[in-house]
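Residue-level structure breakdown
Below are the chains, spelled out letter by letter.
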Amino acid sequence: MNYSREVEKMCPLIKGTDHGPAPIPEEGKWVQAREIKDISGLTHGIGWCAPQQGGCKLTLNVKEGIIEEALVETIGCSGMTHSAAMASEILIGKTILEALNTDLVCDAINTAMRELFLQIVYGRTQTAFSEDGLPIGAGLEDLGKGLRSQTGTTYATRAKGPRYLELAEGYITKVAVDENDTIIGYKFVHLGKMMDMIKKGMDANEAVEKASGQYGRVDDAVKLIDPREE
C-alpha cells in the first residue's frame with residue numbers, strides 16, 4: 001500500500017465506530033451483506049438499448065449470490081431474440097457481480113442486469129419479506145400456461161383508428177365493433193395452448209377452435225373486423 005507524504009506525516013487515530021453495513025431484507029431475513037454470497041432474492045427489471053428501439057424484461061432468482069434462474073423477455077429489433085438466447089446461457093451459474101460485468105450481447109439486456117443488480121443489493125427484491133424466497137422455477141409463473149410472454153401489441157392511425165393485434169389473452173383474430181364503429185370486444189386464439197394441443201396430436205383446426213375465446217361484448221357486435229386486413 002502506498003501513501004502520500006501528507007498521509008505518512010499524520011498521527012494515527014482510532015476509528016471509533018464500526019457497526020457494519022445497514023441490514024437489508026432478504027427472503028424474510030435481515031442480512032448485513034458483506035460479500036456476494038450474502039445476497040439472495042428473486043426480482044424483475046426492465047432495460048433498454050441506447051437507440052431505445054428495444055427493451056428487455058429480465059427476471060433473476062439469486063441464491064447465495066449465484067444466479068440459479070433467469071427469464072429473458074425482449075421486444076424490439078430481431079437481433080434481440082438471439083441475444084436473449086445467448087443471455088439465458090450466459091447468466092445461469094454466475095454471481096451477480098460477474099453477470100453485471102459480463103457482455104450480455106444486447107445493450108437492453110445489459111441495462112436490465114444493471115437495474116436488477118441495484119434492486120438486489122439494496123434489498124428491493126420481490127421476495128424481500130418472503131421466508132426462504134421462491135423456489136427455482138418461479139420465473140416460469142410469469143409466463144403462465146403455454147409458456148408465452150404477456151404481450152400487448154396494438155396499432156393505430158388518426159385516419160383509421162386502432163387495431164388490436166395481440167393482448168394478454170392471445171393473438172387477436174377479430175375485433176368486435178358496434179354501430180358507431182367503436183371497439184367493444186375481440187376474439188382471440190391462445191397460441192401457447194394451441195401449440196400444446198397440436199404437439200399432443202390434435203388436428204390443427206380443432207386446436208385453433210379449442211384454444212379460441214372472446215372478451216367483451218362480442219355477441220352485441222354489429223360486425224367483426226380482421227385487424228390485419230384492409
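Residues numbered from 1 in each chain as written. Predicted model: local features only at pLDDT ≥ 70, side-chain atom pairs only at ≥ 80, totals over all residues. Heavy atoms only, no water.

**Quick word on the nonpolar core**
For soluble globular proteins, the rule of thumb is that nonpolar side chains tend to be buried together. To keep things clear, this is the line we draw: Grouping buried Ala, Val, Leu, Ile, Met, Phe, Trp, Tyr and Cys residues that are joined through side-chain atoms within 4.5 Å yields what is termed a nonpolar core. Any residue under 20% of the maximum accessible area for its type is buried, any over 50% is exposed, and the rest in between are partly exposed; the area is computed with a 1.4 Å probe on protein chains only. Labels follow the DSSP assignment, with helices taken as runs of H or I lasting at least four residues and strands as runs of E lasting at least two, numbered in each case from the N terminus. In this analysis, two residues are considered to be in contact whenever any of their non-hydrogen atoms come within 4.5 Å of each other.
The biggest cluster of nonpolar side chains holds 24 residues, and the ones touching the most others in it are L58, L60, V72, L91, I109 and M113. Of all the secondary-structure elements, those providing two or more residues to this core are β4 (55–63), β5 (66–75), α2 (79–91), α3 (96–100) and α4 (107–121). In terms of residue count, α4 provides more of this core than any other element does, seven residues in total. Setting aside residues up to four positions removed in sequence, L58 forms contacts with T43, H44, G45, L71, V72, L91, I109, A112, M113 and L116. Ranked by size, the runner-up nonpolar core spans six residues in total, among them V175, V177, Y186 and F188.

**Here we look at the side chain of T95**
Its place among the elements puts T95 in the loop between α2 and α3. When sequence neighbours within four positions are dropped, the list of residues in contact with T95 reads I36, G65, I66 and I67.

**Remarks on the pairing of β4**
Just so we agree on the cut-off: Any two strands between which DSSP finds at least two bridges are classified as paired.
The buried fraction of β4 is high, at seven of nine residues. Sheet analysis places strand β3 (residues 41–48) next to β4, joined by eight bridges and oriented antiparallel. Following the sheet pairing, L42 is matched in β4 by N61. Of the strand pairs in this sheet, β4 and β5 are connected by nine bridges, and their pairing is antiparallel.

**As for the confidence of the model for the protein**
Our working rule: Residue-level confidence of the predictor is summarised by pLDDT, bounded by 0 at the bottom and 100 at the top.
With 100% of its residues at a pLDDT of 70 or more, the protein has an overall mean of 93. Of all helices and strands in the protein, the one with the weakest mean pLDDT is α2 (92), whereas strand β9 (residues 183–189) scores best (97).

**Remarks on the packing of aromatic side chains**
We count it as follows: The rule is short: rings of Phe, Tyr and Trp, with Trp giving its six-membered ring, pair when the centres are within 6.5 Å, and they are stacked under 30 degrees, edge-to-face over 60, tilted in between. Over a ring means this: the NZ of a Lys or the CZ of an Arg is within 6 Å of the ring centre and within 35 degrees of the ring normal.
Within this structure, the stated rule accounts for four aromatic pairs. Seen from their ring centres, W30 and F129 are 6.1 Å apart, and the 65° between their planes marks the pair as edge-to-face. With W30 in strand β2 (residues 29–31) and F129 in the loop between α4 and β6 (153–157), the pair connects residues that are 99 residues apart, well separated along the chain. Note on W30: relative accessible area 59%, which makes it exposed. On the accessibility criterion, F129 (65% relative accessible area) is exposed. Following the ring pairs from residue to residue traces out a cluster consisting of Y164, Y186, F188 and Y215. In this structure, R228 is placed above the aromatic ring of Y171, and the distance from its NZ or CZ to the ring centre is 3.8 Å.

**Some details on α4**
Test applied: The span you would expect from a helix comes to 1.5 Å times its residue count less one.
When the terminal C-alpha atoms of α4 are compared, their 21 Å separation across 15 residues agrees well with the 21 Å that a helix rising 1.5 Å per residue should span. Those residues of α4 lying buried are A108, I109, T111, A112, M113, L116, F117 and I120. On its buried face, α4 is in contact with β1 (24–26), β3, β4, β5, α2 and α3. Once α4 ends, the next one or two residues include G123, with phi positive near 75°.

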